[in-house]
Amino acid sequence: MGADIKRGSAEMTAAMLISGTIGWFVLMSGQPVTSVVFWRCVFGAVTLVAIAAMLGLLDRRHFTRRVVLLSIAGGIAIVVNWLLLFAAYSHASISIATMVYNTQPFMLLGLGALFLGEKITATKVFWLSISFAGMLAIISAKPGGGFAPEDYLVGIALSIGAAFFYAIAALLTKLLKGTPPHLIALIQVVTGTLMLAPMALAAPTPSGTEQWSILIAVGVIHTGIMYVLLYGAIQRLPTHMTGALSFIYPIAAIVVDRLAFGHALQPIQILGSIAILLAAAGMNLGWKLRLASPIKRRREGRTA
């Protein structure tokens, strides 16, 4: 294994493990979701400015009108995504919210077909069907962990909404190919800071060392450092390895939810989660259905 592959694998693993713990930080902060996302953007922006400066990326030539406008639009989408996903945690548990959130590749599939002219193949429809069946299984389950049925469904709806807005952000990022990703992330979190400032600053200010430590960690570690690790891994790893290692994130989230809050998935939720992860793996790793046509099968039969 080459040095780049080893380093990229370590970076991707670290990035996914960090992502898998964010639900614990959000719930333990004791802050409204708008405040958590606001401070994530503030401390994330400070971190990303420092990183971009060290990498020599704060060059005016990168900040074209197109880059700034598309990054702002993506920033609005990614901030709405965070708001919805973080809100889902307290309604349907970190595990369920994360599993349903992993339907995002299929949201991107639909948006890519609509706006980028990308082809939807029979294989992609197959994986979409598997994912949809998994989501139906999760929806049909009786919520555990003390979650009321109506709250559980709200949590699932919030997670679906979060996946949709993440797909919008990913689509806009695709249009910025060649732009340093750290700058895209920086513009996005600055956008989030400006978006949420009126609401967050009107709410009670976080108090105590513990609350501030959690919020700083979410901004510095889960945003600034995580972006650096993730983008470093993407640059070093082949696509199939990036896709494979990305599944550390939902697994880590389930483990954290179980250890920290005692939330265990029910059998039907486990089956639904496996279906969603399997389908997402099929999409991300490019698994294809190899179904021979009747004519081809007859030809193979003659030569056997």
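Parameters at a glance
- Residues numbered from 1 in each chain as written.
- Predicted model: local features only at pLDDT ≥ 70, side-chain atom pairs only at ≥ 80, totals over all residues.
- Heavy atoms only, no water.
- Axes fitted to C-alpha atoms, helices over the stretch in contact; angles between N-to-C directions.
- Helix = DSSP H or I, 4+ residues; strand = E, 2+ residues; numbered from the N terminus.
- Parallel < 35°, antiparallel > 145°, perpendicular 65-115°, else oblique.
- Contact = heavy atoms within 4.5 Å.
- Nonpolar A, V, L, I, M, F, W, Y, C, P; charged D, E, K, R; others polar.
- Phe/Tyr/Trp six-rings, centres within 6.5 Å; stacked < 30°, edge-to-face > 60°.
- Buried < 20%, exposed > 50% of the residue type's maximum accessible area, 1.4 Å probe, protein only.
- Lys NZ or Arg CZ within 6 Å of the ring centre and 35° of its normal.
- Patch = residues over 30% accessible without salt bridge, like charges linked within 9 Å, V, L, I, M, F, W, Y side chains within 5 Å.
- Areas by Shrake-Rupley, 256 points an atom, 1.4 Å probe, with all protein chains shown as cover.
- Salt bridge = Lys/Arg side-chain N within 4 Å of Asp/Glu carboxyl O.
- Arc of directions from axis to C-beta.

Looking at an unreviewed UniProt entry, one finds the protein named Drug/metabolite transporter (DMT)-like permease and attributed to Ensifer adhaerens.

### Examining the packing of helix H6 (residues 122-140) against helix H7 (residues 149-174)
H7 packs onto H6 with a crossing angle of 155° between their chain directions and a minimal axis gap of 10 Å. Taken together, the axes of H6 and H7 lie roughly antiparallel to each other. For the pair H6 and H7, the contacting residues are Met135, Ile138 and Ile139 in the first and Tyr152, Leu153, Ile156 and Ile160 in the second. In terms of residue class, the contact of H6 with H7 is built from 7 nonpolar, no polar and no charged.

### Side note on the packing of aromatic side chains
Inspection of the entire model under this criterion finds 11 aromatic pairs. Arranged with centres 5.0 Å apart and planes meeting at 65°, the rings of Phe126 and Trp127 form a pair that is edge-to-face. Relative accessible area serves as the criterion here: at 34%, Phe126 is assigned to the partly exposed category. Judged by its relative accessible area of 9%, Trp127 falls in the buried class. Between the NZ or CZ atom of Arg40 and the centre of the ring of Trp82, over which it lies, the distance is 3.9 Å.

### Let's talk about a nonpolar patch on the surface
On the surface, Leu69, Ile72, Ile76 and Met195 cluster together to form a nonpolar patch covering roughly 300 Å² of accessible area. In terms of residue count, the dominant contributor to the nonpolar patch is helix H4 (residues 65-101) (3 residues). With respect to the element layout, Leu69 can be found in helix H4.

### Side note on the pattern of salt bridges
For the structure on display, the rule yields 4 salt bridges. The closest approach of N and O atoms between Glu11 and Arg7, which form a salt bridge, is 3.2 Å. Taken together, the positions of Glu11 and Arg7, both in helix H1 (residues 3-20) and 4 residues apart, correspond to about one turn of that helix. Glu11 sits in the buried class, given a relative accessible area of 11%. Asp59 is paired through a salt bridge with Arg61; the nearest N and O atoms lie 3.1 Å apart. Since its relative accessible area comes to 29%, Asp59 is described here as partly exposed. Shared partners join several salt bridges into a network, and the residues in it are Arg7, Glu11 and Arg236.

### Notes on the side chain of Ser9
Looking at where Ser9 falls in the secondary structure, it is placed in helix H1. On the accessibility criterion, Ser9 (15% relative accessible area) is buried. Discounting chain neighbours no more than four positions away, the residues touching Ser9 are Leu237, Met241 and Leu245.

### Focus on helix H2 (residues 22-29)
Since one α-helical turn is 3.6 residues long, residues separated by three or four positions face the same way. Those residues of H2 not exposed but buried are Ile22, Gly23, Phe25, Val26 and Ser29. Angularly, the buried residues of H2 cover 165° about the axis, an arc narrow enough to put them on a single face. Residues of H2 that are buried sit in contact with H1, helix H3 (33-54), H4 and helix H9 (208-236). Phi turns positive one or two residues past the end of H2, at Gly30, with a value near 70°.

### Quick look at the environment of Gly208
Here Gly208 shows up in helix H9. Owing to a relative accessible area of 44%, Gly208 belongs among the partly exposed residues under this scheme.

### Re the environment of Phe43
Considering the arrangement of structural elements, one finds Phe43 in helix H3. For Phe43, a relative accessible area of 18% corresponds to the buried category. Phe43 sits 146 residues away from Val189 along the chain, and the two C-alpha atoms are 9.0 Å apart. Setting aside residues up to four positions removed in sequence, Phe43 forms contacts with Trp212, Leu215, Ile216, Gly219 and Val220.

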